[in-house]
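# Inside the fold
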Amino acid sequence: MKQLPDDYYQCLSNIQAADFVLVELTLYLDTHQDDIQAMEQFNQYAQYSKQLKQEFEAKYGPLLQYGNSYTDANWSWAKSPWPWQV
Amino acid sequence: MYKQHGESFTPMKTYQPFHSRFDPCRPIGKKYYSTPPHLYLGFQPPGLKQFPAQEALLRGTLWEFLYDYYENPYESKRRTTE
């Protein structure tokens with residue numbers, strides 16, 4: 001059974017960490033709308049997260065569907081492994 | 001580590017429930033309850049120290065002050081009493 005490369009998990013973990021920071025900053029900024037420094041950090045991480053996802057999708061296929069991700073050449077979104085199998 | 005507005009605080013506190021002589025169960029002695037840091041913070045000031053992204057994910061919060069390490073106080077007690 002073909003196993004996934006370690007880099008697959010490493011990239012996913014980085015994406016997860018970046019997205020967690022974005023969640024925390026979103027919640028923080030909801031009550032601190034004047035914190036410019038936090039907003040700068042938020043935009044940095046938003047851009048960083050997009051970049052990480054682009055890198056991941058270039059290597060391993062789409063993360064999202066319905067146009068939220070570009071498809072790869074062989075429309076492989078329905079092929080395993082599924083997210084819960086990863 | 002646990003210091004806010006100059007005073008320090010503890011993340012875990014205890015109380016002693018009353019144990020009646022007719023209580024069939026073994027006295028539990030001390031009971032513990034958690035008092036996480038956010039109780040002592042009030043409105044979060046800007047510019048709090050943060051964890052790096054990966055560590056924040058593992059610890060469950062971006063801000064070091066709000067991290068609340070939980071260790072089951074009954075676990076260590078059970079090992080000693082039994």
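Residues numbered from 1 in each chain as written. Chains lettered and ligands numbered in written order. Predicted model: local features only at pLDDT ≥ 70, side-chain atom pairs only at ≥ 80, totals over all residues. Heavy atoms only, no water.

## Overview of the confidence of the model for chain B
Residue and element names in this part refer to chain B. Taken over all residues, the pLDDT of chain B has a mean of 89, while the share at 70 or more is 93%. In the model of chain B, helix H2 (residues 73–81) stands out as the element of lowest mean pLDDT, 68, in contrast to helix H1 (residues 53–59), which has the highest, 96. Interface scoring of the predicted complex returns ipTM 0.81; its pTM is 0.85. (pLDDT = per-residue confidence, 0-100. Helix = DSSP H or I, 4+ residues; strand = E, 2+ residues; numbered from the N terminus.)

## A few points about the pattern of salt bridges
Per the counting criterion, the structure on display carries four salt bridges over all chains. Residue Lys-53 of chain A pairs with Asp-19 of chain A through a salt bridge whose shortest N-O separation is 3.2 Å. One end of the pair, Lys-53 of chain A, is in helix H2 (residues 36–60); the other, Asp-19 of chain A, is in helix H1 (residues 6–31), and 34 residues separate them in sequence. Measuring nitrogen to oxygen at the nearest pair gives 2.7 Å for the salt bridge that ties Arg-59 of chain B to Glu-55 of chain B. Placement of the pair is Arg-59 of chain B and Glu-55 of chain B together in helix H1, with a separation of four residues, close to one helical turn. Under the relative-accessibility criterion, Arg-59 of chain B is labelled partly exposed at 33%. (Salt bridge = Lys/Arg side-chain N within 4 Å of Asp/Glu carboxyl O. Buried < 20%, exposed > 50% of the residue type's maximum accessible area, 1.4 Å probe, protein only.)

## Things to note about the nonpolar core
Membership of the largest hydrophobic core comes to 22 residues, with the highest contact counts inside it found for Val-21 and Tyr-45 of chain A together with Leu-62 of chain B. Those elements that provide at least two residues to this core are H1 and H2 of chain A together with H1 of chain B. Setting aside residues up to four positions removed in sequence, Val-21 of chain A forms contacts with Gln-41 and Tyr-45 of chain A together with Ala-53 and Leu-62 of chain B. (Core = buried A, V, L, I, M, F, W, Y, C linked by side-chain atoms within 4.5 Å. Contact = heavy atoms within 4.5 Å.)

## Quick look at unusual backbone geometry
All names here are of chain A. The phi dihedral of Tyr-66 is positive, around 60 degrees, even though this residue is not glycine. With respect to the helices and strands, Tyr-66 occurs in the segment after H2. Even without glycine at this site, Trp-75 takes up a positive phi of about 45 degrees. Position of Trp-75 relative to the elements: it lies in the segment after H2.

## Comments concerning the packing of H1 of chain A against H2 of chain A
Residues and elements named next belong to chain A. Their axes nearest at 9 Å, the elements H1 and H2 cross at an angle of 155 degrees. Relative to H2, the element H1 is oriented roughly antiparallel. The chirality of how H1 crosses H2 is left-handed. By residue class, the composition of the contact of H1 with H2 is 19 nonpolar, four polar and four charged. (Axes fitted to C-alpha atoms, helices over the stretch in contact; angles between N-to-C directions. Parallel < 35°, antiparallel > 145°, perpendicular 65-115°, else oblique. Left-handed = near helix turned anticlockwise from the far one by under 90°. Nonpolar A, V, L, I, M, F, W, Y, C, P; charged D, E, K, R; others polar.)

## Considering the packing of aromatic side chains
Think of a pair of aromatic rings as described by two things: how far the centres are apart, and how the planes are tilted against each other in angle. All names here are of chain A. Taken as a whole and judged by the stated rule, the model has 14 aromatic pairs over all chains. Considering the side-chain rings of Tyr-8 and Tyr-9, the 5.7 Å spacing of their centres and the 70 degrees angle between planes classify their relative orientation as edge-to-face. You can call Tyr-8 buried: its relative accessible area is 10%. Take Tyr-9: its relative accessible area is 34%, and that puts it in the partly exposed class. (Phe/Tyr/Trp six-rings, centres within 6.5 Å; stacked < 30°, edge-to-face > 60°.)

## So, the interface of chain A and chain B
Where interface size is given, it is often the accessible area lost as the parts come together that is meant. With 14 residues of chain A at the interface, the matching set in chain B holds 14 residues. Applying the counting criterion to the chain A and chain B interface returns zero salt bridges. In this assembly, chain A and chain B are joined by five residue pairs in polar contact (both at pLDDT 80 or more). Those elements that place two or more of their residues in the side of chain A that touches chain B are H1 and H2 of chain A. (Polar contact = N/O pair within 3.5 Å; in protein donor to acceptor, adjacent residues only side chain to side chain.)

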